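Residue-level structure breakdown
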Amino acid sequence: MIGEPDKICGTITNILFVTRNLYALLHEERRTVLIGLSALSFSYRCGLVGRGTNRVVSKPFSIDDIITLAVRAGLQSVEFPLEMLPDLGIERLHALRARIAACHLIAVVDSDVADVATLERHIPAAAALGARVLRVTISSVLEGWRSRLITDWGRYLDEVSARLRAVRSLAEKHDVILAIENHQDATADDLLQIIAAVGGQHIGVTFDAVNAFIVAEEPLACLERVSPYVRNIHISDYTVYPSDQGWRLVRCSLGEGDMNLRRLFAAIDQYAPSAPCQIELVNHSARHIRLYADDWWVGYPSRDVRDLLPVLREFARSSRSVGDDWRTPWERGAAEDMNCFYEDQQFASSITYLRTIGMLPRV
């Protein structure tokens, strides 16, 4: 299903319209939360997956396309990387701010790994867009495997804290909160350490429940600990595939995987009810959590095995076996139309699920 982005948006909208009205007849609305769309749910369509290769999408989505999808799905916020914009010129930023405001959306924008020079550009850009929250990460570590990239994790956290401290006054001047994400690398202890080191009211957390699992933390316990600082939340689901070294987590539509989303929403309602929750169905590459590998644990402090039991129990519930095909269409080398359909279907199904359980209002 390849074509102009507006036609594609229209196709997705038709799917959403039919499914949401069907479920509106079958289910009573229970409650609503502030739910939005992260552009990374369409990381392939946005040209981020495969960038710089001959597999990149031929006609990438723009920020306007993401806003259109959010509005047509009845969402309330939108999150996107600043790198998706052609430039950060003030006229472009103000025009985009006006579009977002006209659509009655809350804007959250993304930076990358905390870097002083980058944040000196991104903090004013976030303010110009009317975004109170700028999501940042602390490293390029993936799958919780710190030792592959960083030899002294404690020292590295001190360096990151120093970078964020260097831009604290700029964040205060523009009234922008730097929301550091537990991005497959940071535990609750790490986040709290950085927040204490930076200080002030303009440092917070972007919480991702799946990423908590990836660093072997029980998500709800992690959320409770960092809840005073949570300013943004990523919502995703996953399917678990066991491996000889641990488990692989593979993206899927909300409600179709192994994450207990009802419990997660209840915890959000209790601990961070005002934080926008962005649908983020991001990874086209499975995340391999190698908890059985000795070197995976390098860089982590010693832990009581009883702290790990909730994570191990969660993963052990999987009915899949070692050797089952866990690959996404991207990992199987699928063509553009299949990768596009994969994202389209998962987003439409996720909206349907959220309406079904009362997290989005009926039409």
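Refer to the structure above for everything that follows.
Structure report, in brief. (Residues numbered from 1 in each chain as written. Predicted model: local features only at pLDDT ≥ 70, side-chain atom pairs only at ≥ 80, totals over all residues. Heavy atoms only, no water.)

1. Things to note about the pairing of strand β6 (residues 203-208)
Within β6, six of the six residues are buried, which leaves it mostly tucked inside the rest of the structure. A two-sided burial pattern is seen for β6, the buried positions comprising I203, V205 and F207 on one face and G204, T206 and D208 on the other. As defined by bridge partners, strand β5 (residues 177-181) adjoins β6 across four bridges and the pair is classed as parallel. Opposite E181, over in β6, you have T206 as the bridge partner. The β-α-β motif built from β5, the intervening helix α7 (residues 188-198) and the parallel element β6 has right-handed crossover chirality. As paired elements, β6 and strand β7 (residues 230-235) share four bridges and run parallel to each other. (Buried < 20%, exposed > 50% of the residue type's maximum accessible area, 1.4 Å probe, protein only. Helix = DSSP H or I, 4+ residues; strand = E, 2+ residues; numbered from the N terminus. Pairing = 2+ DSSP bridges. Right-handed = clockwise from strand over helix to strand, strands pointing away.)

2. Considering the packing of α7 against helix α9 (residues 219-226)
Taken N-terminus to C-terminus, the directions of α7 and α9 make an angle of 15 degrees; their axes are 10 Å apart at the nearest point. In this view, α7 runs roughly parallel relative to α9, as classed from their interaxial angle. The two elements α7 and α9 meet at a crossing, and its hand is right-handed. Between α7 and α9, the residues in contact are A188, D189, L191 and L192 and C222, R225 and V226, respectively. (Axes fitted to C-alpha atoms, helices over the stretch in contact; angles between N-to-C directions. Parallel < 35°, antiparallel > 145°, perpendicular 65-115°, else oblique. Left-handed = near helix turned anticlockwise from the far one by under 90°. Contact = heavy atoms within 4.5 Å.)

3. Let's talk about the packing of aromatic side chains
Inspection of the entire model under this criterion finds eleven aromatic pairs. Considering the side-chain rings of Y44 and W330, the 5.9 Å spacing of their centres and the 55 degrees angle between planes classify their relative orientation as tilted. Placement of the pair is Y44 in the loop between β1 (35-38) and α2 (63-72) and W330 in the loop between α11 (305-316) and α12 (336-356), with a sequence separation of 286 residues. The pair Y44 / W330 is uniform in exposure class, with both members buried. In this structure an aromatic cluster arises from ring pairing among F213, Y238, W247, Y292 and F315. R55 extends its terminal NZ or CZ atom over the ring of W330, reaching a point 3.6 Å from the ring centre. Over the ring of Y300 we find R146; its NZ or CZ atom is 3.9 Å from the centre of that ring. (Phe/Tyr/Trp six-rings, centres within 6.5 Å; stacked < 30°, edge-to-face > 60°. Lys NZ or Arg CZ within 6 Å of the ring centre and 35° of its normal.)

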